[in-house]
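# Residue-level structural notes
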Amino acid sequence: MKTIKQLMSSPVVMATVETTVGKLRELMNQHDVGAVPITDEGAGANAEIMGIVTDTDLRNVKDSTLPVMSVMSTKLCYINNDDSTATAANLMLKNGIHHLLVKDQEKVVGILSSVDLLKLVASKPFSFQPHLFFV
């Protein structure tokens, strides 16, 4: 069974609250990521994560000069890198989200997405998934 540490995206691409929507889109495209944690102005190693912006958050934003702070979600969910994938899936479902910030100790070391979990399920032969069926 793969672990969260094996499934997560790492290193984490971050932006600050002062970053514009346009710059964030460029950053997300450049690094091919669907979510970026937003930190306070001091983007050093100990910067506090203030929120997260996902590609869904940006979908209907027309003004690329807006600061990401105006579109970010402040509802942050964390999971430990040694937690189970079932725990991750349940946390996403319970909170209606598609991205979890992954911690090792108190440091954010990755992001796990619902797509990462779906890829895990899809990689298993159908015979190992008796609970999945199609009508």
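Residues numbered from 1 in each chain as written. Predicted model: local features only at pLDDT ≥ 70, side-chain atom pairs only at ≥ 80, totals over all residues. Heavy atoms only, no water.

For the protein, the count of helices and strands is five helices and six strands. Each helix and strand of the protein, placed in order from N terminus to C terminus, yields the pattern α-β-α-β-β-α-β-α-β-β-α. Expressed as a percentage of its 135 residues, the buried residues of the protein come to 39%. Within the protein, counting contacts between residues at least 6 apart in sequence, those at least 24 apart form 50% of the total. (Helix = DSSP H or I, 4+ residues; strand = E, 2+ residues; numbered from the N terminus. Buried < 20%, exposed > 50% of the residue type's maximum accessible area, 1.4 Å probe, protein only. Contact = heavy atoms within 4.5 Å.)

Among the residues of helix H4 (residues 85–95), those classed as buried are Thr85, Ala88 and Met92. In an axial view of H4, the angular spread of the buried residues amounts to 60°, which keeps them on one side of the axis. Exposed positions of H4 whose direction lies more than 90 degrees from the buried face are Asn90, Leu93 and Lys94. Directly beyond the C-terminal end of H4, a positive phi value near 60° is found at glycine 96. (Arc of directions from axis to C-beta.)

What follows is about the pairing of strand E2 (residues 35–39). By the criterion of burial, E2 is predominantly enclosed, with five of the five residues buried. Of the two faces of E2, the one carrying Ala35, Pro37 and Thr39 and the one carrying Val36 and Ile38 are both buried. As paired strands, strand E1 (residues 15–16) and E2 are joined by two bridges and run parallel to one another. If you follow alanine 15 over to E2, its bridge partner there is isoleucine 38. (Pairing = 2+ DSSP bridges.)

For the rest of this paragraph, the subject is the environment of histidine 31. With respect to the element layout, histidine 31 can be found in helix H2 (residues 21–31). The exposure class of histidine 31 is partly exposed, given its relative accessible area of 38%. Each C-alpha atom of the pair histidine 31 and valine 13 lies 7.6 Å from the other, and the pair is 18 residues apart in sequence.

What follows deals with the confidence of the model for the protein. Averaged over all residues, the pLDDT of the protein is 88; the fraction at 70 or higher stands at 88%. Of all secondary-structure elements in the protein, the lowest mean pLDDT belongs to helix H5 (residues 114–123), at 88, while H2 reaches the highest, 96. (pLDDT = per-residue confidence, 0-100.)

Before going further, it helps to examine the environment of asparagine 29. Mapping asparagine 29 onto the fold places it in helix H2. The exposed category is assigned to asparagine 29, whose relative accessible area is 65%. Asparagine 29 sits 26 residues away from aspartate 55 along the chain, and the two C-alpha atoms are 10.0 Å apart.

A few words now on the side chain of threonine 85. Inspection of the secondary structure puts threonine 85 in helix H4. We classify threonine 85 as buried; its relative accessible area is 13%. Beyond its immediate sequence surroundings of up to four residues, threonine 85 is in contact with Met1, Lys2, Ile4, Leu7, Leu117 and Leu120.

The next point concerns the packing of H4 against H5. Relative orientation and spacing of two packed helices are given, respectively, by the angle between their axes and the distance between those axes. Packing of H4 against H5 leaves a shortest axis separation of 11 Å and a crossing angle of 135°. Judged on the interaxial angle alone, H5 and H4 are oblique. In this structure, H4 meets H5 at a crossing whose hand is left-handed. Where H4 approaches H5, its residues Thr85, Ala88, Ala89 and Met92 are matched on the opposing element by Ser114, Leu117 and Leu120. Residue composition of the contact of H4 with H5, grouped by class: five nonpolar, two polar and no charged. (Axes fitted to C-alpha atoms, helices over the stretch in contact; angles between N-to-C directions. Parallel < 35°, antiparallel > 145°, perpendicular 65-115°, else oblique. Left-handed = near helix turned anticlockwise from the far one by under 90°. Nonpolar A, V, L, I, M, F, W, Y, C, P; charged D, E, K, R; others polar.)

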